[in-house]
Structure formats: C-alpha cells, structure tokens
Amino acid sequence: MGVVPYVLGLSALLLFLGLFPPTAPWSERFLTPCVALVGGGFLIRQKERSPGLGLLFLGIGDLAWTLEELGNLPRGLYLEFPYLISYAALTFWLLSLPGRPPRLSLGLLPLALLGLLSALRPELGIDRIYTAWDALLLLLLLPRLESLFQVGLGGRALWGVGFLLFLVADMAYAFLEAADGYPTGHPVHLLWTLGYVLLALGVVEEREGHASFLGQALALGSLFFMPAVLLNDPTPWSVRLLALYGGLVGGLGLLYALHLEWRRTEEKRFRWTRFLEALARLSPSVTQTLSPEGVLLGALGAAQHLLPQAVGLEVRGRRGLVGERTPHSLLIPLNGDAAYLYLRTPPQEPIPQGFLSLLGERIKQVLKQVEWGTLALTDPLTGLLNRRALETELPKLLALARRYGAPVSVVMLDIDRFKRVNDTYGHPVGDEVLRLLGRILQASVRREDLAVRYGGEEFLLLLYGADREATKEVVERIRYRFRTQRVEPIPYPLPLSAGIAGGEVPEGEAQVEDWILKADYALLRAKETGRDRVTLA
C-alpha cells in the first residue's frame, strides 16, 4: 500500500476545504503553497532534485503572492522569480526524461494550442509568459506520456496526470484572469493542489519501479474530477470546455493505456506458458533418442517464445552450436559450461526474471539425460550402436523407408581371424582393431543409416535408400580402408568378410529380421569359401 492511502485521505481533506466556500480562499492562499513546499522538499530529500526544485519554488511563489495580497510584501517583479526558477527546473526535468515519438498522446495537443491562444491576450500582462511556457511544457510532456501506451503505466501515469492538472489549472487561470479577473478561492486552485500531490507521489513511484492500484485509481479519478470541479455557474464556458476536453481525453487515454497493459500482461503470460510447455516436451521419454544438437534446437525453439529475436544457442564446453552466432548474446548459467543465447538484435525490454536460469537448468538436465541414454544405447568400445539401440532405432528407419518408398539393405561384417590377433598380440591390440573399424564404419554411413556392433567382432549395417549393388560398393570401400590402415604391432593387412541381404522396401520388422539372418548366412558362406570377400544372399 505505501503512502497512497494517506495521500487519498489528504486529497479528500483538501477537496473539502477547497470546495467549502468559507475555507476556499484560505485553502488557496495557504494549503496550496504548503502542499507544493512539502512535495518539493520530499522530492529533494528523495534525491529527485529537478522536479523537487520545481515544486518547491512553485510553493514559494504562491506563498509570496499570498503575503503580497495580505499586505505583508510590496508588489514587484521580484515575485515572479520563484515561478521562473520553477518553470526552468520543470523544463530541464522533462528534457532529461526519455520519451517516444508522440502518436496517441497527440490527443492532448489542442490544450497546447489553447494555451498559446491565451498568451496572445494583452490584458494578461506578464502572465502571457507562463501560458506560453505552459504550452511548451505540454509539448514536452507528450513524448513522455507516449511511453504509457508502449511500455506500461508505472509511476509515470501518476505524475503525468499531476503535471496535466497543473498545466490545465494554469490555462484556466489565464482565461479567468482575462475575463473578469481571477477570484481567490475559485475551484480551479484544487487542480494545482491535486496536481502537486500526484506529481510528487508519481515521481517516487516511478523511481521505485512500481505502480500501485490506488495510485492509478487516484490518477484516473483526478482526470474525471477536472471537469466536474469547474461546473460552477461563475466559470466561463471556455474554461469548462478546456477542463472537459482535458479530463475526457486524459481519462480515455489512461483507460486505453490500462487496456494495452492488460493485453501485454496476457501476452507475456501466454508466451511464458508456451515456453514452459516447450521445455517440458524435452522429457526423458523423448530425449532418450535425441542428440545434443536436437536438445539445443528444442531449447532454442522454447526460448523464441519469450525472445523472438533469438537465433542461436551455443554450449561451448560441448562444442555445440545451433542457429547462428551474432554479436548480441545473453550468458546462460550452466554450472561451469559457457552457454550463450544469441539474438538478432539487442533486447528492447528487460529480460524476464528467471528466464535464463530456468533455460540453463533445463538444458543441463536434458543433456545429462541424453548422455545417460547414449551410454545405454552405445557400445563403449567402438562408439557404435548396440543391440538395444537397434531395437529403438529400427522402427524409425522402417517408418522412413515406407513413407518414401526407399529400399533398405542389410550387411553383416566380420573381422577375419580376429581370434588370432587377440591370441598373438593381446586383447589391448584387439580392442584397438575394433575401435579402428568402428571409426571407419561411422565415417562411411549417413545420418539415416544404422551401424551396430552386433557382438564380438561382428558388425551390422542397415543402409537406407541403397539397393544391393550400391550396398556392395559401400562395403568394398569399407574393406579397402580397413585393409590399408595398420594397427601396431600387427604387420599384415586386416581382412573383412561380409554378407548382404535385402535391398528392397521393407514390409515390417519381421522381414528385416529375416534379412539379418540371410545376411548372416551369406557371411558364413563367405567365410567357408576363403574369407576376405563379399557374398550376396
């Protein structure tokens, strides 16, 4: 709640004293300057010097004119100096604030034109300077109010309404003074008083980065109060229209800004929901067959729900990069690994709190699950798939083949006289031979193919989109590479025997299992007929 309830109570008291005829002159002469002095001192204490000085010298100027009216001070131009200082401080403050090109806030532009119109009336004397300056301040205020429609309300809505009340009160005063003279205690002075209160409160709320509900209600109520307070019979129609237009346009604008903020909040909630759902889809039941690149692609897609300008994701410790690397990046906490989310353009809004930590934690969890899945489905010696992985990946290969009508060929490979290698040179050398063949097979197959260590020195290949002749060419290249690469201290070339089956579009797993048996029989015939050869089933 903060100080807003006390401000509401103070505002109600000020309204009563300002509208009650016996106390209205006293309210304008003393309460209005005191509110400005207290608000200015409060802002200066909060280190908001420019608006604080503006309010402080407005209060000094009002109090000086009160003392002059009561005969305690001589009349003179020196009474204008506090107002000139306050206007200069407020102008400097508005110029120091960031703004956006005005579009919707241009609805308040006619108020500035009315201010300039009143500045042309010679009967106002030196007050024409202030009416023209009021028009300038309103023009400077418009870009600052535009952010209410694009960024959000915050405390700016509160002090913006306060500033608007102050400017409308000044312009109404000019019209009254040019007509029959301004009567002390006129209800227009309540716009000054309320404007000072809202200005001080709004500046503090904006600095603290929050907007209270009561503060927004006070701002909206003040805008609708503006025309209502000037409906008295002595008030000229020009002043009534001025207040009516300012209150109506300002109130509708604030309501529309509230509507836009609600829509932005709903959109953020929807984007967060999509982000969390996308992260949840990277679940263990799915990620057992994902590659690290697939995990990063999924995480990048999830991040794009909250940051549409995200175009790349990299985990440098794993040398994993998906998308593209750009000069604009966000560091993702990943427990030691350097992970970066790359953006096409720098973020225009603050990064959602907890977004990067949540993304990093989920990436770490799923990558660990992928590692466990890889260990469970991979032969640790050769890096090829094991027989358990074959059961997992075979249905995917068959679905792909049936979808596109592509043939699948089966190859069984065996290292000739491998037992002699182990017996003669030891199992460490035999393990190195197996690792060599594993590397050759991985380099020889495509992404859609399956390379499996079937058992011992026996290996299985399932080649997608290859008939028997194409498969034989692949096997001959593998045999050639294996024969020409040496493993120390073995002095002779290492031969391979192979059997090939299939080469057609498979009807189901049962047919592929039959092809595996036929390829194994073909491999056995290759062994029986002299080894170091390829036999077709």
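Please refer to the structure higher up on the page.
Residues numbered from 1 in each chain as written. Predicted model: local features only at pLDDT ≥ 70, side-chain atom pairs only at ≥ 80, totals over all residues. Heavy atoms only, no water.

(A) Up close: the environment of Arg447. Within the secondary structure, Arg447 sits in the loop between helix H16 (427–444) and strand S6 (450–455). The spatial distance from the C-alpha of Arg447 to the C-alpha of Tyr464 is 9.3 Å, given a sequence separation of 17 residues. (Helix = DSSP H or I, 4+ residues; strand = E, 2+ residues; numbered from the N terminus.)

(B) A look at the sheet that holds strand S3 (residues 328–332). Taken in spatial order, the 4 strands make up an open sheet running S2-S1-S4-S3, and their pairing is antiparallel. Strands with a single pairing partner mark the edges of an open sheet, and in this sheet they are strand S2 (320–323) and S3. Strand-to-strand twist of the sheet, defined as the mean angle between neighbouring strand axes without regard to direction, takes the value 20°. Bridge analysis of strand S1 (residues 310–315) against S2 gives 4 bridges, and the strand direction is antiparallel. Counted as the bridge partner of Leu313 is Val322 from S2. Across the sheet, helix H12 (residues 292–306) lies against S1, S2 and strand S4 (339–343), angled at about 140° from S1, the strand it touches most. (Pairing = 2+ DSSP bridges. Axes fitted to C-alpha atoms, helices over the stretch in contact; angles between N-to-C directions. Contact = heavy atoms within 4.5 Å.)

(C) Region of interest: the nonpolar core. Phe163 and Leu191 are the most contacted members of the largest nonpolar core, which has 68 residues in total. Considering every element that reaches this core, the biggest residue donor is helix H7 (residues 156–179), with 15 residues. Beyond its immediate chain neighbours, meaning those up to four positions away, Phe163 contacts Leu90, Trp93, Leu94, Leu137, Leu141 and Leu199. By size, the runner-up hydrophobic cluster in this structure holds 30 residues, among which are Leu434, Val445, Val487 and Ala498. (Core = buried A, V, L, I, M, F, W, Y, C linked by side-chain atoms within 4.5 Å. Buried < 20%, exposed > 50% of the residue type's maximum accessible area, 1.4 Å probe, protein only.)

(D) Spatial organisation of the sheet that holds strand S5 (residues 408–415). The strand order S6-S7-S5-S8-S9 describes an open sheet built from 5 strands, whose pairing is mixed. With partners counted over all chains shown, the strands left at the sheet margins are S6 and strand S9 (534–536), one partner each. Pairwise comparison of adjacent strand axes, ignoring direction, gives a mean angle of 20° for this sheet. The pairing of S6 with strand S7 (residues 458–464) spans 5 bridges and is classified as antiparallel. Bridge pairing links Ala451 to Leu461 in S7. Of the strands in this sheet, S5, S7, strand S8 (496–504) and S9 touch helix H17 (residues 468–484), which is tilted by about 160° from S8. Those strands touched by helix H18 (residues 509–528) are S5, S6, S7, S8 and S9, and its axis lies near 145° from that of S8.

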